[in-house]
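Reading the structure
Spelled out from the first residue to the last, the chains are:
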Amino acid sequence: MTDRRLLLVHAHPDDESIGTGATMARYAAEGAHVTLVTCTLGEEGEIIPVELSHLASVEDDALGDYRIGELAAACEALGVEDHRFLGGPGRWRDSGMMGAATNDRPGAFWQADVDEAAAELVTVIREVRPQVLVTYDENGHYGHPDHIQAHRVSRRAFELAADPGFGEGEPWRIAKFYHTATPRSVLLRSNEALREAGTPFTVASVDDLPFGDPDEAVTTEIDARPWLGHKVAAMRAHRTQITVAEPWFALSNDIGQEVRGVEHFALAIGERGPAVPGPPPETGGLGEPHVRENDLFAGIH
C-alpha cells in the first residue's frame, strides 16, 4: 500500500519509545508518514540521574522543558519527523500517578475537557489524514490518568474527525483504531530470561505488574527487530526516565523489563487483516498458536 499514514497518541515523552518505538522506526524507514502526538511534557516524571535532580523544580517545571529536548532526540533516533504536542507544548500538564494531588491541579490533562482536547486532535487528524491511529486501551494500559485520558481523547477525536458537522476542515474517517498491548506470555518469558541473565534490575512477579493482556486479546504482532537499535537509542535519549542495560531497561522503580523489537497491539475498531504465523519463539516472537496480523495497515484498501 502506498501513502501509508500512521498516527500515534501518547501521554508523556518516553511512552512512544518504550511501547511503540520499534514499530514507529520500522514504518518510518519503510516510507510511511508517522505522526506522533504527545499530550503532556511529563512534568511529574521521577528523575533517575542524580546529576539532573535539579530539574525537579516545581516552580518552573524545568523537567518538562528538558523532556522536550529528550523527545526531540528520541524522534530523531526513530526517524520520526512529524511530532506535535496536543494543543501546543504545555497546553495540558502531566497529572502524576492516579490518586496524587497533582491530578487536581489546574491544567492537568486528567482535568481536560475531553471534547476540547479531542478538537485539537481532530485538527491534526484532518491535516495528516491517517489510516491508522494507535493509543492505549480504556485503562490506559496500566491505569495512569493521563494514559486513560489519552484513550478518551483519541476515541472521541476518532468519531469527531469523521463528522462533517464538526469544526473546520474536510472530514476524515480513520480505518483502524488500535490499542497498545503486552501479551501475558511475553511478560512471563521475559521475566524468566531476566532472572537467568542476572541483571542489576529487580525482577517483579508478572502477577504484580499493573499491565499485561490475555494472549487471545492481542490481534497484531509487529516484527520490527531490524529496527531495535533505533528503539534502544530513542530510549537512551530519555535519560531522565529510563536506565537502559541492553537488552533490558528499568524506570525509576528499578523493575527490569525487556527492550522488545516485536511489539503488540489489539485492534479495537476496523477490519482485521489476514492473520499469519508470527516469528517463532526462539527468535523473539510468539509464533503458533498465536496467529495474528503482522501489519497495522493490513486489510486497508
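Quick summary incoming for the structure in this document. (Residues numbered from 1 in each chain as written. Predicted model: local features only at pLDDT ≥ 70, side-chain atom pairs only at ≥ 80, totals over all residues. Heavy atoms only, no water.)

Scanning the protein chain from terminus to terminus reveals 6 helices and 12 strands. Relative to the globule expectation of 19 Å for 301 residues, the C-alpha radius of gyration of the protein chain, 18 Å, shows essentially globular dimensions. Dimensions of the protein chain along its principal axes, counting C-alpha atoms only, are 55 × 50 × 30 Å. Out of the 301 residues belonging to the protein chain, those deemed buried represent 54%. Accessible area for the protein chain stands at about 12,600 Å²; split by element, carbon and sulfur atoms hold 51% of it. For the protein chain, the centre of its 25 positive side-chain charges and the centre of its 49 negative side-chain charges are spaced 4 Å apart. (Helix = DSSP H or I, 4+ residues; strand = E, 2+ residues; numbered from the N terminus. Rg over C-alpha atoms; globule rule 2.2 N^0.38 Å. Buried < 20%, exposed > 50% of the residue type's maximum accessible area, 1.4 Å probe, protein only. Areas by Shrake-Rupley, 256 points an atom, 1.4 Å probe, with all protein chains shown as cover. Lys, Arg positive; Asp, Glu negative; His and termini not counted. Charge placed at Lys NZ, Arg CZ, Asp CG, Glu CD.)

Attention now moves to the sheet that holds strand β4 (residues 132-135). In sheet architecture, strand pairing relies on hydrogen bonds along the backbone and comes in two forms, parallel and antiparallel. The sheet built from 7 strands is open, its strands ordered β3-β2-β1-β4-β5-β10-β6 with mixed pairing. Two strands in the sheet have a free side with no partner beyond their single neighbour: β3 (82-85) and β6 (220-223). Direction aside, neighbouring strands of the sheet carry axes that sit 25° apart on average. Alignment of strand β1 (residues 5-10) against strand β2 (residues 33-38), held across 6 bridges, turns out to be parallel. In the sheet register, H10 faces β2, and the bridge partner there is T38. Set on the sheet, helix α1 (residues 15-29) makes contact with β1, β2, β4, β5 (176-181), β6 and β10 (262-269); between it and β10 the angle comes to about 90°. (Pairing = 2+ DSSP bridges. Axes fitted to C-alpha atoms, helices over the stretch in contact; angles between N-to-C directions. Contact = heavy atoms within 4.5 Å.)

Time to look at the pairing of β1. Judged by how many residues are buried, β1 sits mostly within the fold: 6 of 6 residues are covered. Of the two faces of β1, the one carrying R5, L7 and V9 and the one carrying L6, L8 and H10 are both buried. Across 3 bridges, the pairing between β1 and β4 is parallel. For L7, the partnering residue across the bridge sits in β4 and is L133.

It is worth spelling out helix α2 (residues 62-78) at this point. Working note: α-helix, 3.6 residues per turn, so residues spaced by three or four point in the same direction. With 17 residues, α2 extends 25 Å between its outermost C-alpha atoms, agreeing within 8% with the 24 Å of an ideal straight helix rising 1.5 Å per residue. Listed as buried for α2 are A62, L63, G64, R67, E70, L71, A74, C75, A77 and L78. Check the buried side of α2 and you find it contacts α1, β2, β3 and α6 (228-237). Once α2 ends, the next one or two residues include G79, with phi positive near 80°. (Expected span 1.5 Å × (residues − 1).)

This part is about the packing of α2 against α6. At their nearest, the axes of α2 and α6 sit 8 Å apart, and the two run at 175° to each other. Comparing their axes, α6 and α2 come out roughly antiparallel. Along the contact surface, α2 presents E70, A73, A74, A77 and L78, while α6 presents H230, K231, A233, A234 and A237. Among the residues forming the contact of α2 with α6, the class breakdown is 7 nonpolar, 1 polar and 2 charged. (Parallel < 35°, antiparallel > 145°, perpendicular 65-115°, else oblique. Nonpolar A, V, L, I, M, F, W, Y, C, P; charged D, E, K, R; others polar.)

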